[in-house]
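# Structural overview
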Amino acid sequence: MSEAVSPRFRSVLDRFAAYKPGKAVTSPDGRSFKLSSNESPHEPLPSVQKAIMEAAANVNRYPDNNATALIDAIAEHAGVSPDCVAVGCGSVGVAQMLLEAVAEPGAEVVYAWRSFEAYPLLVALSGATPVQVPLRDETHDLDAMLAAITPHTRLVFVCNPNNPTGTIVGHDELAAFLDRVPADCLVVLDEAYGEYVRDGRFPDNMELRKGRPNVVVLRTFSKAYGLAGLRIGFLVAHPEVAEAIRKTYLPFSVNSVAQAAGVASLAARGELLARVDATVAERERVHAALVADGWTVPRSEANFVWLRLGDRTAEFSAACDAQGVSVRPFGDEGARVSIGSPEENDAFLAVARAFPHRA
């Protein structure tokens, strides 16, 4: 009998761990508060639930591969023509589509670090070379990112607000940056948390992208719209860019239930944004309480707060776990804590208040 031979896999798989979603934990007394995945604490609105139930009756049929009704609704909401829109399986799926359209061995992709933890995985799997640019004062250092762009750079991610720090880059600095990026390099403005922003400096990127064919705006239904379990993301771009991205679309990857829920959510946008206002109010309350307790917390414009804990990150995460509060630790850098319901936020604040920390 010949010796068993293992299948051959891509060498890149040996160099990083797979994406790990936020975990749920339970305290000894049975309490569980999941603040690790930036999810909305609210269930879908009744009108959205109704659309989900109606669409579920037809899941024996394939969905509309062109997602026509959903794309039309997104286009109307964004004030663009449908040929400017592409959809995918969450904004992560759309980001993967973008990389499949531009990345190849020898190409480079620039992004800030720390930023969205999926970027390194997606870039490595695309075959491109990742170029990480350190944050400055917990936000994007656009001058350094500009300096990192070379003739090999195909794409730049700007996560705004940034995940996990919650900070933003403002209109003026972003516009100046975009004007200096080479026209043949895509700039992806990843706005997964855009609905939570209240800082007047935040750019209107649907307006900012006009006259800049290389600028792509990336959005999701997972956060403010509360549809994380259905996985719907979309981009708005120049028609030629959107067309190229749609060529990478995995057939039927936005299912019929998700498409119906997305359309219904846009129709109920006023009600949904009232819920977002409630989350923003809780964010401000949590931030103020942390500062009052002596924590140094950057101003967040997302639905989470960031605690830079350094080598005490694991200790803090364990303290939260012990009380049934799940947060998202990042190595020896810090922890991201989602904004949940008032009860969930109070449970987190109790742990933070008791934890010996440095201001």
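Residues numbered from 1 in each chain as written. Predicted model: local features only at pLDDT ≥ 70, side-chain atom pairs only at ≥ 80, totals over all residues. Heavy atoms only, no water.

## Details of the environment of Lys23
Note on placement: Lys23 falls in the segment before β1 (33-34). Given the relative accessible area of 39%, Lys23 is considered partly exposed. For the pair formed by Lys23 and Phe9, sequence separation is 14 residues and the distance between their alpha carbons is 28 Å. Leave out the neighbours within four places in its chain, and Lys23 touches Lys34, Ser36, Asp321 and Ser326. (Helix = DSSP H or I, 4+ residues; strand = E, 2+ residues; numbered from the N terminus. Buried < 20%, exposed > 50% of the residue type's maximum accessible area, 1.4 Å probe, protein only. Contact = heavy atoms within 4.5 Å.)

## Digging into helix α12 (residues 342-354)
Note on helix geometry: an α-helix contains 3.6 residues per turn, so any two residues three or four positions apart are oriented the same way. End to end, α12 covers 18 Å across 13 residues, agreeing with the expected 18 Å (1.5 Å per residue, within 8%). Considered for burial, the residues of α12 that qualify are Glu344, Asn345, Ala347, Phe348, Leu349, Val351 and Ala352. Elements in contact with the buried residues of α12: β1, α10 (269-292), β9 (304-308), α11 (313-322), β10 (325-326) and β12 (334-338). (Expected span 1.5 Å × (residues − 1).)

## Things to note about the side chain of His287
The residue His287 is located in helix α10 in this model. Judged by relative accessible area, which is 10%, His287 ranks as buried. With sequence-adjacent residues up to four places away left out, His287 is seen in contact with Val297, Pro298 and Arg299.

## Comments concerning empty space enclosed by the protein
Applying the stated criterion to the full structure yields one cavity of 30 Å³ or more. Estimates place the volume of the largest cavity at around 70 Å³. Lining the largest cavity are 13 residues, and of these Ser40, His42, Ala224, Gly226 and Arg275 lie nearest its centre. Grouping the constituent residues of the lining of the largest cavity by class yields seven nonpolar, four polar and two charged. (1 Å grid on protein atoms, 1.4 Å probe; cavity = no way out; pocket = protein on both sides within 12 Å on 5 of 7 lines; lining within 4 Å. Points joined across faces, edges and corners; volume = space filled by probe spheres on them. Nonpolar A, V, L, I, M, F, W, Y, C, P; charged D, E, K, R; others polar.)

## Observations regarding the layout of surface pockets
Estimated volume of the largest pocket: approximately 630 Å³. Looking at the largest pocket, it is lined by 31 residues, and the ones nearest its centre are Tyr19, Val92, Phe116, Lys223 and Arg231. Every element with two or more residues in the lining of the largest pocket is listed here: α3 (90-102) and α4 (118-126). Considering every element that reaches the lining of the largest pocket, the biggest residue donor is α3, with five residues. Among the residues forming the lining of the largest pocket, the class breakdown is 13 nonpolar, ten polar and eight charged. When its volume is computed, the second largest pocket comes out at roughly 420 Å³. If you trace the second largest pocket, you find 17 residues lining it, with Lys20, Glu117, Arg328, Pro329 and Phe330 closest to the centre.

## So, helix α6 (residues 171-180)
Within α6, burial applies to Leu174, Ala175, Phe177 and Leu178. When α6 is viewed along its axis, its buried side chains cluster within an angular range of 160° and face the same direction. Exposed residues on α6 whose side chains face more than 90 degrees from its buried face are Asp172, Asp179 and Arg180. Its buried side turned inward, α6 meets α5 (142-148), β5 (153-159), β6 (186-190), α7 (205-208) and β7 (215-220). (Arc of directions from axis to C-beta.)

## Thoughts on the packing of helix α2 (residues 68-78) against helix α9 (residues 256-267)
Between α2 and α9, whose axes approach to 9 Å, the crossing angle comes to 25°. In terms of orientation, α2 lies roughly parallel with respect to α9. Where α2 crosses over α9, the two elements pack in a sense that is left-handed. For the pair α2 and α9, the contacting residues are Ala69, Leu70, Ala73, Ile74 and His77 in the first and Gln259, Gly262, Val263 and Leu266 in the second. Taken together, the residues of the contact of α2 with α9 break down into six nonpolar, three polar and no charged. (Axes fitted to C-alpha atoms, helices over the stretch in contact; angles between N-to-C directions. Parallel < 35°, antiparallel > 145°, perpendicular 65-115°, else oblique. Left-handed = near helix turned anticlockwise from the far one by under 90°.)

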